[in-house]
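# Examining the three-dimensional arrangement
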Amino acid sequence: MQNGQGAEADSDRPARPKVRVRFKPMRLKLSAQEASRPLQTASLHGQLLARLREMVLDGELRPGSPLPERMLCETFGVSRTPLREAFKVLATEGLIELRPHRTPVVTPVDAEEIAHVFQLMEALEQLAGRLACTLARDEDIARLEGMHADLVAFHRDERRSDYFRQNQQIHTEITRLAANPVLLGTWSAMNAKIYRARAQANYDHERWDASLTEHEAFMALLRARDAAGFAASLADHTRRTGTAVLANLAKAAA
């Protein structure tokens, strides 16, 4: 009886209206120039990241400069999501500092710290070079040969930003081939501290030419499987780069 009454009571209740949820897609606020060239989200992120990185490395965004989100969003015609994703990558590269509840800033340059880091990097590169030359397979060396060929082409075409990134990838690959994860982690952490200062050295054309010559020299030693020579040449290259970087910092300070 009670069950019948309950069913009857339920049937007397008005049916609940169906709620339709409409999702409004997020739109990026693009500038007039960018609107003429529609971009996919991934492409937009990549282009934004590349542009911000270039501005920092070229000195357009100077050390210690604040990076207000609202201003940058309006400048590039993007929402905060791709901008913040770009910030995260730049922070891992040591180019900017993310500060809780505060505006991010371009990482300040400490010449004394950079000098100390280059001393350590010289030793790390020598160890990585010796291990990599000993352990690398023929196909590993062939891959480095291809990377080096691209480096030469970037230098020939005066594509400094591409040259610098390829340069970094070659050094990273050599360290990876050392097959020591602790070495790779330490090297990566130290390299992040000098990443931007190292890039500045390539804006001295004489040093840029010398850098390529040094790359040619240590690649020849790698081909010959001369582990001791390759390690020493790699360390010497890092020492010379450090000297050039510190000279540039001193010139800028003056």
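In this text the structure is predicted, and so the values were computed from the model without any measurement. (Residues numbered from 1 in each chain as written. Predicted model: local features only at pLDDT ≥ 70, side-chain atom pairs only at ≥ 80, totals over all residues. Heavy atoms only, no water.)

### Re the overall build of the protein
Selection criterion: The helix count covers DSSP runs of H or I at least four residues long, the strand count covers runs of E at least two residues long, and both are numbered beginning at the N terminus. Throughout, exposure labels follow a simple rule: accessible area from a 1.4 Å probe, protein chains only, divided by the maximum for the residue type, with under 20% read as buried, over 50% as exposed, and the rest as partly exposed. Every residue pair with non-hydrogen atoms within 4.5 Å of one another is taken to be in contact. We get accessible surface area from the Shrake-Rupley algorithm with a probe of 1.4 Å; when it comes to residues, only the shown protein chains can shield them.
Check the secondary structure of the protein and you find eleven helices and two strands. In the protein, the order of α-helices and β-strands from amino to carboxyl end is α-α-α-α-α-β-β-α-α-α-α-α-α. By residue count, 39% of the 254 residues in the protein fall in the buried class. The long-range share in the protein, meaning contacts at least 24 apart out of those at least 6 apart in sequence, stands at 75%. For the protein, the accessible area works out to roughly 15100 Å², and carbon and sulfur atoms hold 54% of it.

### What to know about the packing of helix α7 (residues 138-156) against helix α8 (residues 160-177)
Worth spelling out the cut-off: Here an axis means a line fitted to C-alpha atoms, over the contact stretch when the element is a helix, while the angle between two N-to-C directions is reported on a 0 to 180 degree scale. Here the angle decides the label: under 35 degrees means roughly parallel, over 145 means roughly antiparallel, 65 to 115 means roughly perpendicular, and every other value means oblique. Definitions for this section: a left-handed crossing has its near helix turned counterclockwise from the far helix by less than a right angle. A right-handed crossing has that turn clockwise. Each residue receives one of three labels: charged for Asp, Glu, Lys and Arg, nonpolar for Ala, Val, Leu, Ile, Met, Phe, Trp, Tyr, Cys and Pro, and polar for the others, Gly being one of them.
Where α7 contacts α8, the two axes come as close as 9 Å, and the packing angle between them is 165 degrees. Judged by the inter-axis angle, α7 sits roughly antiparallel to α8. Read as a crossing pair, α7 and α8 show a hand that is left-handed. Note on element contacts: α8 touches α7 through D162, Y163, Q166, N167, Q169, I170, E173, I174, R176 and L177, opposite D140, R143, L144, M147, H148, D150, L151, F154 and H155. Each residue belonging to the contact of α7 with α8 can be placed in one class, and the counts come to eight nonpolar, five polar and six charged.

### A closer look at a negative patch on the surface
Threshold: Only residues whose relative accessible area exceeds 30% and that take part in no salt bridge are eligible for patches, with like-charged residues grouped when within 9 Å of each other and nonpolar side chains (Val, Leu, Ile, Met, Phe, Trp, Tyr) grouped when within 5 Å. Salt bridges are counted wherever a side-chain nitrogen of Lys or Arg sits within 4 Å of a carboxyl oxygen of Asp or Glu. As used throughout, the charge tally considers Lys and Arg to be positive and Asp and Glu to be negative, leaving His and the chain termini uncounted. Lysine's charge is taken at NZ, arginine's at CZ, aspartate's at CG and glutamate's at CD.
Among the surface-exposed residues, E158, D204, E206 and D209 lie close enough to one another that they form a single negatively charged patch. Residue D204 is classed as partly exposed on the basis of its relative accessible area of 31%.

### Quick word on the pattern of salt bridges
One pass over the structure, following the stated rule, counts 21 salt bridges. With a shortest N-O distance of 2.7 Å, E173 and R176 are connected by a salt bridge. A residue pair is termed a helical-turn pair when its members lie 3 or 4 positions apart in one helix, as E173 and R176 do in helix α8 at three residues. Residue E173 is classed as buried on the basis of its relative accessible area, which comes to 11%. Classification of R176 by relative accessible area gives partly exposed; the value is 43%. In this structure, D236 engages R239 in a salt bridge whose closest nitrogen and oxygen atoms are separated by 2.5 Å. Of this pair, D236 and R239 are both found in helix α11 (residues 227-253), three residues apart, which corresponds to roughly one turn of the helix. Look at D236 and you get partly exposed, because its relative accessible area is 25%. Judged by its relative accessible area of 38%, R239 is partly exposed. Within the structure, one salt-bridge network assembled from shared partners comprises R137, E139, D140, R143, E173 and R176.

### A few points about the side chain of T241
For T241, the position within the fold is in helix α11. Residues within four places of T241 in sequence aside, it is in contact with F118, R198 and R207.

### Overview of the environment of A136
By secondary structure assignment, the location of A136 is in the loop between α6 (111-135) and α7. Judged by relative accessible area, A136 falls into the buried class, the value being 7%. When the C-alpha atoms of A136 and L177 are compared, they prove to be 6.2 Å apart, with 41 residues separating the residues in sequence. Those residues in contact with A136, other than ones at most four positions away along the chain, are I141, L177 and R225.

### Some words on the packing of aromatic side chains
Threshold: When the centres of two rings from Phe, Tyr and Trp lie within 6.5 Å, Trp using its six-membered ring, the rings pair. Their planes under 30 degrees apart give stacked, over 60 give edge-to-face, and anything left gives tilted.
With the rule as written, the count across this model stands at three aromatic pairs. Seen in terms of ring centroids, F164 and Y195 are 5.0 Å apart; in terms of plane orientation they differ by 70 degrees. Their pairing is edge-to-face. Residue F164 is located in helix α8, and its partner Y195 is located in helix α9 (residues 181-201); the two are separated by 31 residues in the primary sequence. Both residues of the pair, F164 and Y195, count as buried. Both rings, one in F218 and one in F230, keep their centres 5.9 Å apart while their planes meet at 70 degrees; by these two values the pair is edge-to-face. In this pair, F218 sits in helix α10 (residues 205-223) while F230 sits in helix α11, placing the two residues twelve residues apart along the sequence.

### Things to note about the packing of α10 against α11
At a minimum axis distance of 8 Å, the contact between α10 and α11 shows a crossing angle of 170 degrees. Relative to α11, α10 is oriented roughly antiparallel. Between α10 and α11, the contacting residues are R207, S211, E214, H215, A217, F218, L221 and L222 on the first element and G229, F230, S233, L234, H237, R240, T241 and A244 on the second.

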